Amino acid sequence: MAPMGIRLSPLGVAVFCLLGLGVLYHLYSGFLAGRISLFGLGGEPAGGAAGPPAAADGGAVDLREMLAVSVLAAVRGGNEVRRVRESNVLHEKSKGKTREGADDKMTSGDVLSNRKMFYLLKTAFPSVQINTEEHVDAADQEVILWDHKIPDDILKEVTTPKEVPAESVTVWIDPLDATQEYTEDLRKYVTTMVCVAVNGKPVLGVIHKPFSEYTAWAMVDGGSNVKARSSYNEKTPRIVVSRSHSGMVKQVALQTFGNQTTIIPAGGAGYKVLALLDVPDKSQEKADLYIHVTYIKKWDICAGNAILKALGGHMTTLSGEEISYTGSDGIEGGLLASIRMNHQALVRKLPDLEKTGHK
Ligand SMILES: Nc1ncnc2c1ncn2[C@@H]1O[C@H](COP(=O)(O)O)[C@@H](OP(=O)(O)O)[C@H]1O
Ligand SMILES: [Mg+2]
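Residues numbered from 1 in each chain as written. Chains lettered and ligands numbered in written order. Predicted model: local features only at pLDDT ≥ 70, side-chain atom pairs only at ≥ 80, totals over all residues. Heavy atoms only, no water.

**Re the pattern of salt bridges**
Point 1. Under the criterion given, the structure shown has 20 salt bridges.
Point 2. The partner of Lys 95 in a salt bridge is Glu 134, with the nearest N and O atoms 3.1 Å apart. Placement of Lys 95 in strand S2 (residues 93–97) and of Glu 134 in the loop between strand S4 (129–132) and helix H4 (152–157) is noted, with a sequence separation of 39 residues between them.
Point 3. A relative accessible area of 36% means that Lys 95 is categorised as partly exposed.
Point 4. On the basis of relative accessible area, Glu 134 is assigned to the buried category, the value being 4%.
Point 5. Linked by salt bridges that have partners in common, Arg 115, Lys 116, Asp 140 and Glu 142 make up one network. (Salt bridge = Lys/Arg side-chain N within 4 Å of Asp/Glu carboxyl O. Helix = DSSP H or I, 4+ residues; strand = E, 2+ residues; numbered from the N terminus. Buried < 20%, exposed > 50% of the residue type's maximum accessible area, 1.4 Å probe, protein only.)

Okay, structure coming up:
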């Protein structure tokens, strides 16, 4: 006898259970079929539904899953970057001028990489804020599904899920860093990058080099597949600087560290952060410090900032302020990036750019 005097017929209960099982089977087989068709083909479907998004409810997102999708996005974007460069049809355009009057370039490599990277992340994490360097064409949407697989190297380092509220997350995408150098066919400088910030703090970063197929990733308090070198020259550092947006950086570096200092001009903020690390890629130059003095955007620097932070290094403005990865796109105060050095002592050594007019 059921409570309140209601009698349950055993046949009714059995029919109800069978119906429930049927509904569950239907849902689950659809989900599996989606996955199988996606990965059986080894590519992305043009649309339709497979696995559910990782954070469909806008509640929590798992940073370990976000790292897996970020790596995949950087690699998929990188494939587009490589394909366009190899076709030699770049459709190069100027988006306008930088504050210093240089052309702000864009190519088909930027656009197609952006489309892959943005929609892969957006489909997996529909409720998170994604800021990207390039315009996303809403009329040219693509559903790109993630197989919910976390690669072994990530599982080995990041052993537990790390959930955070979806609304605390801001993702920054740079679909093609070093566009200027890309147009000059200086391939080694080119990277694709993804960064995840939580409450404005950079917590995970991915920098991928499409032409050498090297990927560096790191998560603050999580793990990494890259590390710092064993030693750095703090006294007469080799300093990596911009080759196409340099401003007065050489003067600042020589004034601060003396004329013996080696200046390495290089393209791409991602490439310059990798120059500070122990990177096996043969095309990668090595440096002790990265300094930038002109205006720069957060998608250019967030991934490098997260990786440095995860490895115990620092990226700040030239006056030592931490950079917040929410709100506005750009930062005004220049950049100083270091690892295994006394970062605050370096900040004290640098001249005040406002006063010296070296900006
Ligand atoms: N003054 C400036 N204004 C706008 N963007 C700048 C800039 N200085 C550097 N950047 C951007 O920061 C990235 C690294 O610059 P650099 O190679 O000169 O060090 C490049 O990104 P993109 O190639 O993604 O546009 C570049 O466009
Ligand atoms: Mg960039």
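**A look at the pairing of strand S3 (residues 103–106)**
Point 1. Across three bridges, the pairing between S2 and S3 is antiparallel. By the bridge assignment, Lys 93 is partnered in S3 with Met 106.
Point 2. In this structure, the hairpin formed by S2 and S3 is closed by a connection of five residues, where Gly 101 is found at a positive phi of approximately 95 degrees. (Pairing = 2+ DSSP bridges.)

**Comments concerning the packing of aromatic side chains**
For any pair of aromatic rings, geometry is given as the distance between the ring centres together with the angle between the planes.
Point 1. For the structure on display, the rule yields three aromatic pairs.
Point 2. A centroid spacing of 5.1 Å and a plane angle of 85 degrees characterise the contact between Phe 118 and Tyr 119, whose relative ring orientation is edge-to-face.
Point 3. You can call Phe 118 buried: its relative accessible area is 11%.
Point 4. Cation over ring: Arg 99 sits above Tyr 295, and NZ or CZ is 3.8 Å from the ring centre. (Phe/Tyr/Trp six-rings, centres within 6.5 Å; stacked < 30°, edge-to-face > 60°. Lys NZ or Arg CZ within 6 Å of the ring centre and 35° of its normal.)

**Thoughts on helix H2 (residues 63–87)**
Point 1. Between its terminal C-alpha atoms H2 stretches 36 Å, which fits the 36 Å expected from 25 residues at 1.5 Å a residue.
Point 2. Within H2, 19 of the 25 residues are buried, leaving the element largely enclosed by the surrounding structure.
Point 3. One side-chain oxygen at the N-terminal end of H2 lies 2.9 Å from the backbone nitrogen of Arg 64; it belongs to Asp 62.
Point 4. Once H2 ends, the next one or two residues include Asn 88, with phi positive near 65 degrees. (Expected span 1.5 Å × (residues − 1). Polar contact = N/O pair within 3.5 Å; in protein donor to acceptor, adjacent residues only side chain to side chain.)

**Quick look at the nonpolar core**
Point 1. Grouped together as the largest cluster of nonpolar side chains are 56 residues, with contacts concentrated most on Tyr 290, Ile 291, Ile 301 and Met 315.
Point 2. Counting residues per element, this core draws most heavily on helix H8 (residues 298–310), at seven residues.
Point 3. Two domains share this core, each providing at least three of its residues, namely domain 1 (60–224) and domain 2 (227–356).
Point 4. Beyond its immediate sequence surroundings of up to four residues, Ile 301 is in contact with Ala 269, Ile 296, Met 315, Ile 323, Tyr 325, Ile 331 and Leu 335.
Point 5. Membership of the second largest hydrophobic core comes to 36 residues, among which are Leu 63, Met 66, Tyr 119 and Ile 173. (Core = buried A, V, L, I, M, F, W, Y, C linked by side-chain atoms within 4.5 Å. Domains from an automatic or database assignment. Contact = heavy atoms within 4.5 Å.)

**Topic: the site of ligand 1**
Point 1. Around ligand 1, a shell composed of 20 residues is seen, among which Ala 178, Ser 242, His 245, Gly 268 and Lys 272 lie nearest.
Point 2. Asp 177 is positioned such that a nitrogen or oxygen atom in its side chain is 3.2 Å from an oxygen atom of ligand 1.
Point 3. Compared with its free state, where it exposes 540 Å², ligand 1 has 95% of that area covered by protein.
Point 4. Counting atoms within 2 Å of the grid points, the majority share of ligand 1 lands in the largest pocket.
Point 5. For the shell around ligand 1, the secondary structure elements donating two or more residues are strand S6 (169–177) and helix H7 (269–274).
Point 6. The element contributing the most residues to the shell around ligand 1 is S6, with three residues.
Point 7. Looking at the shell around ligand 1, you find at least three residues from each of domain 1 (60–224) and domain 2 (227–356). (Near = heavy atom within 4 Å. Areas by Shrake-Rupley, 256 points an atom, 1.4 Å probe, with all protein chains shown as cover. 1 Å grid on protein atoms, 1.4 Å probe; cavity = no way out; pocket = protein on both sides within 12 Å on 5 of 7 lines; lining within 4 Å. Sits in = over half its atoms within 2 Å of the grid points.)

**Some thoughts on the coordination of the magnesium ion (ligand 2)**
Point 1. Summarising the metal site, the magnesium ion (ligand 2) is bound by the protein donors Asp 174 (OD), Asp 177 (OD) and Asp 300 (OD), whose distances to it range over 1.8 to 2.3 Å.
Point 2. Written as a sequence motif, the donor residues of the magnesium ion (ligand 2) are D-x2-D-x122-D. A residue pair is termed long-range when its members are at least 10 positions apart, and Asp 174 in strand S6 and Asp 300 in helix H8 qualify at 126 residues. (Donors = N, O, S within 2.8 Å, 3.2 Å for Na, K, Ca; no water.)

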